[in-house]
Amino acid sequence: MTNKMLKFVSVQQRQPEKRTAEDRRADFDEIYTDFVPAGAVEQSSRCSQCGVPFCSVHCPLGNNIPDWLMLTAQGRLEEAYGVSSATNSFPEICGRICPQDRLCEGNCVIEPGFESVTIGAVERYITDTAFENGWVRPTRPFAEREESVGIVGAGPAGLAAAERLRAAGFQVHVYDRYDRVGGLLVYGIPGFKLEKHIVARRHDLLVESGVTFHLGQGIGSGEGELSFDALRARHNAVLIATGVYKSREIGGPGAGLAGIERALDYLTASNRRSLGDTLPDDAQALDANGKNVVVLGGGDTAMDCVRTAIRQGAKSVRCLYRRDKANMPGSAREVKNAEEEGVQFEWLAAPEAFVGDGHVTGVRATRMKLGLPDASGRQSVEALEGSSFTLEADLVIKALGFDPEPLPQLWAQPGLEVSRWGTLKVGQQDFQTTVPGVFAAGDIVRGASLVVWAIKDGREAADSIQQWIEANNTAPAAQEQG
């Protein structure tokens, strides 16, 4: 092993080739090219195979990263895929969109100056190679079970749970209000970070595995929706994995002007265009072409918005964030990519009003300064008196985060208890809500978070569901009531 590894001293860190900013601005294709095999082997060989792998410790899924790096360095890619997929339902997705600079790579023990191992790109390479060679196969349970599980939400948490429950032999049905599988993976994340065929091939694989999808099927009491009670009646257990879609709003003078849009509406419209969908009339204006665009926020969703606006041909794109660059909650890599593509950042600036007569024409903002740390440990922000300035804007996009929808009210389920943040309350160990046989996982439990956390929650919730069904030997709710 030693002659294959520990080459971080002699081999420099390299990501796969990145397309030029000029090329990237012209389309929505992924910005990184694929690793050539020799490049993946070389970068994997930089791993120090340390005794306490902090990359694994700081991966929410606990991926066995040093093991599959070693196997890749040795050219044993099929085995590397086996190790990678043992702990991660969708490694090719995490390899593309995880903020590795904050997780695995950011905690690599290789000292600054030598730089961390290129973990995310190798993870992506391993699984893409596995798909190309037919090593990724449908799940085939050892034995079929009669019990069924209904999953609400076809995002990463729901899909991860579906795969794991199907492997255990359960009859799995996934319900989603959208017409495609993937949730925010398809409609919220732009193609330059995750091309949609990557998600579609996972959908196909799950269908081959025997998972049944009910797309375009909302849950609730509206026309064409399935009531939650009816859903429970169909299945032995239910998993709620709806995510959080309610956009946080901003007030202040002029906040109701036309041209001030929610980030998710904007990103969904852009992704639907890329997918070839016909947009409804009210979404036609969600296009940055020829406009002065101001994005409010500093997370990864804000980065998705500014980089999308650049590709749509915006006249100018500015990101307004109340703290400095070092305190950005979004990935540092994404900020760098945005800067390369022509986005201008207004650090330490917060909106105070919106200017316009019927339609927004500008954002009046004030300069901020960082103060003492607050209860969360982050530095507080204070406005600088007399520092107001105005940014020209034809389109303002609010990327201020997401909150959960009020599911107990929407689904007429007062027994579903929520936290003070509106997320569903579940048992810390078993993911079960306050309604017996109803479980929840992903963002609807932990709040808006990373895809990798959703996958972890979905896998663990699936295990809890299996244990609960086996312990209770349940029949669907309707049969119990009858």
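For the structure, see preceding data.
Chemist: What is the right way to look at the overall build of the protein in this model?
Modeler: Scanning the protein for helices and strands turns up 18 helices and 16 strands. Compactness check: the protein gives a C-alpha radius of gyration of 23 Å against a globular reference of 23 Å for 482 residues, within 12% of the reference. Seen through its C-alpha atoms, the protein measures out along the principal axes to roughly 70 × 65 × 45 Å. Going through the 482 residues of the protein one by one, you find that 53% of them count as buried.

Chemist: Honestly, unusual backbone geometry in this entry has me stumped. Any pointers?
Modeler: Glycine aside, residues mostly have negative phi, and peptide bonds are mostly found in the trans state. In this structure, Leu348 is a non-glycine residue whose phi angle is positive, near 50°. Structurally, Leu348 is set in the loop between β9 (344-346) and β10 (349-356).

Chemist: In this structure, what is going on with helix α12 (residues 263-274)? I would like to understand it.
Modeler: Every α-helical turn comprises 3.6 residues, leaving residues that sit three or four positions apart pointing alike. For α12, with 12 residues, the first-to-last C-alpha span of 17 Å sits near the 16 Å given by 1.5 Å per residue. With nine of its 12 residues buried, α12 lies for the most part within the structure. Just past α12, the residue Gly276 takes up positive phi, approximately 85°.

Chemist: Please explain the pairing of strand β4 (residues 237-240) as it appears in this structure.
Modeler: Residues Ala237 and Leu239 point to one face of β4 and Val238 and Ile240 to the other, with burial holding for every one of them. Here strand β1 (residues 148-152) runs beside β4; their pairing, made up of four bridges, is parallel. Looking across to β4, one finds that Ile151 is bridged to Leu239. Across three bridges, β4 lies against strand β16 (residues 438-440) in parallel orientation. Bridged to Val238 within β16 is Val438.

Chemist: I would appreciate a short explanation of the sheet that holds strand β14 (residues 395-398) in the present structure.
Modeler: Sheet strands pair via backbone hydrogen bonds, and the direction of the pair is either parallel or antiparallel. Ordered in space as β6-β14-β7-β8-β9, the five strands form an open sheet in which the pairing is parallel. Looking along the sheet, the strands with just one partner apiece sit at the ends: β6 (260-262) and β9. Across the sheet, the mean angle separating the axes of adjacent strands is 25° when strand polarity is ignored. With three bridges connecting them, β6 and β14 associate as parallel partners. Residue pairing in the sheet places Glu261 in a bridge with Ile397 of β14. Relative to β6, α12 is tilted by about 75°, and along the sheet it contacts β6 and β14. Against the sheet, helix α13 (residues 300-311) makes contact with β7 (292-296), β8 (316-320), β9 and β14, and its axis sits at roughly 170° relative to β8, the strand it touches most.

Chemist: Would you explain the sheet that holds β16 in this entry?
Modeler: The five strands lie next to each other as β3-β2-β1-β4-β16, forming an open sheet whose pairing is parallel. Every interior strand has two partners, whereas the edge strands, β3 (212-215) and β16, have only one. Here the average twist between neighbouring strands, direction ignored, is 20°. Pairing geometry for strand β2 (residues 171-176) and β3, over four bridges, is parallel.

Chemist: What exactly am I supposed to notice about the packing of helix α2 (residues 37-44) against helix α4 (residues 65-73) here?
Modeler: In helix packing, the relevant descriptors are the interaxial angle and the interaxial distance, both defined with respect to the helix axes. Look at α2 against α4: their axes get within 8 Å of each other, and the N-to-C directions meet at 130°. With respect to α4, the element α2 is oriented oblique. Helix-helix and strand crossings are classified by hand; for α2 and α4 the assignment is left-handed. On the side of α2, the interface is formed by Ala40, Val41 and Ser44, while α4 contributes Leu69, Thr72 and Ala73.

Chemist: What am I meant to see in a nonpolar patch on the surface here?
Modeler: On the surface, Val52, Phe54, Val57 and Val109 cluster together into a nonpolar patch covering about 340 Å² of accessible area. Along the polypeptide, Val52 turns up in the loop between α2 and α3 (54-57). Residue Val52 is classed as exposed on the basis of its relative accessible area of 51%.

Chemist: Just to check I follow, could you spell out empty space enclosed by the protein for this structure?
Modeler: The gaps of empty space that remain are located by a probe, the size of a water molecule, rolled over the atoms. Applying the stated rule across the entire model yields three cavities of 30 Å³ or more. Its volume calculated, the largest cavity comes out at about 330 Å³. Listed by contribution, the elements that provide at least two residues to the lining of the largest cavity are α6 (91-97), α7 (119-132), α13 and α14 (332-340). Among the residues forming the lining of the largest cavity, the class breakdown is eight nonpolar, six polar and 10 charged. As a volume, the second largest cavity reaches approximately 110 Å³. Lining the second largest cavity are 14 residues; nearest its centre among them are Cys59, Asn63, Cys98, Cys104 and Glu123. Going through the elements one at a time, α4 and α7 are the ones with two or more residues in the lining of the second largest cavity. Grouping the constituent residues of the lining of the second largest cavity by class yields 10 nonpolar, three polar and one charged.

Chemist: Please clarify how the environment of Leu159 should be interpreted in this entry.
Modeler: Mapped onto the secondary structure, Leu159 falls in helix α8 (residues 156-167). Classification of Leu159 as buried rests on a relative accessible area of 4%. When the C-alpha positions of Leu159 and His203 are compared, they lie 8.6 Å apart, and in sequence the two are 44 residues distant. Residues within four places of Leu159 in sequence aside, it is in contact with Phe90, Ala154, Val181, Gly182, Leu206 and Phe213.

Cut-offs and rules
Residues numbered from 1 in each chain as written. Predicted model: local features only at pLDDT ≥ 70, side-chain atom pairs only at ≥ 80, totals over all residues. Heavy atoms only, no water. Helix = DSSP H or I, 4+ residues; strand = E, 2+ residues; numbered from the N terminus. Rg over C-alpha atoms; globule rule 2.2 N^0.38 Å. Buried < 20%, exposed > 50% of the residue type's maximum accessible area, 1.4 Å probe, protein only. Expected span 1.5 Å × (residues − 1). Pairing = 2+ DSSP bridges. Axes fitted to C-alpha atoms, helices over the stretch in contact; angles between N-to-C directions. Contact = heavy atoms within 4.5 Å. Parallel < 35°, antiparallel > 145°, perpendicular 65-115°, else oblique. Left-handed = near helix turned anticlockwise from the far one by under 90°. Patch = residues over 30% accessible without salt bridge, like charges linked within 9 Å, V, L, I, M, F, W, Y side chains within 5 Å. Areas by Shrake-Rupley, 256 points an atom, 1.4 Å probe, with all protein chains shown as cover. Salt bridge = Lys/Arg side-chain N within 4 Å of Asp/Glu carboxyl O. 1 Å grid on protein atoms, 1.4 Å probe; cavity = no way out; pocket = protein on both sides within 12 Å on 5 of 7 lines; lining within 4 Å. Points joined across faces, edges and corners; volume = space filled by probe spheres on them. Nonpolar A, V, L, I, M, F, W, Y, C, P; charged D, E, K, R; others polar.

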